[in-house]
Amino acid sequence: MKVTVTAFGIAKDILNKKQTEIEYSGSTVADLREQLIEQFPEFAKLASLKFAVNTDYVNDDFVLNSNDEVVLIPPVSGG
């Protein structure tokens, strides 16, 4: 299955680009998270990395479909 991954903030820095297509064999956001950590170990350091799929925030058990757009939302700090 192929999904488009769009990244912001530190997630974009880890991927070295804002958007990329990823081919993966899993079915859930958790599977994609694991694959991203395997390919880009720096993602393991982002404990609160959130995911959105097609503009909706989702949990790790969300089932992805081919051609979904997955947005990586890293932790945000400010004050």
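Here, every reference points to the structure presented above.
The structure displayed is predicted, hence computed values, not measured ones. (Residues numbered from 1 in each chain as written. Predicted model: local features only at pLDDT ≥ 70, side-chain atom pairs only at ≥ 80, totals over all residues. Heavy atoms only, no water.)

Trainee: Can you break down helix H2 (residues 29-39) residue by residue, with the values?
Mentor: Note: α-helices contain 3.6 residues per turn, so residues at a spacing of three or four share the same orientation. Taken residue by residue, H2 has Val29, Leu32, Arg33, Gln35 and Leu36 as its buried positions. Angular distribution of buried residues about the axis of H2 spans 165°; they occupy a single face of the element. Structurally, H2 contributes buried residues whose contacts are with strand E1 (2-7), strand E2 (19-23), strand E3 (50-53), strand E4 (56-58) and strand E5 (69-73). (Buried < 20%, exposed > 50% of the residue type's maximum accessible area, 1.4 Å probe, protein only. Helix = DSSP H or I, 4+ residues; strand = E, 2+ residues; numbered from the N terminus. Arc of directions from axis to C-beta. Contact = heavy atoms within 4.5 Å.)

Trainee: Please set out the sheet that holds E1 residue by residue, giving values where relevant.
Mentor: The five strands lie next to each other as E2-E1-E5-E3-E4, forming an open sheet whose pairing is mixed. Here the strands that pair on one side only, and so sit at the sheet edges, are E2 and E4. Averaged over all pairs of adjacent strands, the angle between strand axes in this sheet comes to 35°, irrespective of strand direction. Inspection of the sheet shows E3 paired to E5 by four bridges, in the antiparallel sense. Bridge pairing links alanine 52 to valine 71 in E5. (Pairing = 2+ DSSP bridges. Axes fitted to C-alpha atoms, helices over the stretch in contact; angles between N-to-C directions.)

Trainee: Requested: an account of the nonpolar core, with residues and values cited.
Mentor: The nonpolar side chains of a soluble globular protein tend to be buried, and buried together. Formed by 20 residues in total, the largest nonpolar core has its most connected members in Leu32, Phe43, Phe51, Val70 and Leu72. Elements with a contribution of two residues or more to this core: E1, helix H1 (9-15), H2, E3 and E5. Apart from the residues within four sequence positions on either side, phenylalanine 51 is in contact with Val29, Leu32, Arg33, Leu36, Asp56, Tyr57, Val58, Val70, Val71 and Leu72. (Core = buried A, V, L, I, M, F, W, Y, C linked by side-chain atoms within 4.5 Å.)

Trainee: How would you sum up the packing of aromatic side chains? Please name residues and give values.
Mentor: A complete count under the given rule lists one aromatic pair for this structure. Measuring from centroid to centroid gives 6.1 Å for phenylalanine 40 and phenylalanine 43, while their planes differ by 90°, and the two rings are edge-to-face. For phenylalanine 40, a relative accessible area of 25% corresponds to the partly exposed category. Take phenylalanine 43: its relative accessible area is 3%, and that puts it in the buried class. (Phe/Tyr/Trp six-rings, centres within 6.5 Å; stacked < 30°, edge-to-face > 60°.)

Trainee: Give me the lowdown on the pattern of salt bridges, citing residues and values where you can.
Mentor: Scanning the entire structure with this criterion turns up three salt bridges. Residue aspartate 60 is joined to arginine 33 by a salt bridge in which the shortest nitrogen-to-oxygen separation is 2.8 Å. Pair noted here: aspartate 60 is in the loop between E4 and E5 and arginine 33 is in helix H2, with a separation of 27 residues, a long-range link. Between lysine 45 and glutamate 42 there is a salt bridge; the shortest N-O distance is 3.2 Å. By relative accessible area, lysine 45 is classed as exposed at 62%. Assessed through its relative accessible area of 43%, glutamate 42 is described here as partly exposed. (Salt bridge = Lys/Arg side-chain N within 4 Å of Asp/Glu carboxyl O.)

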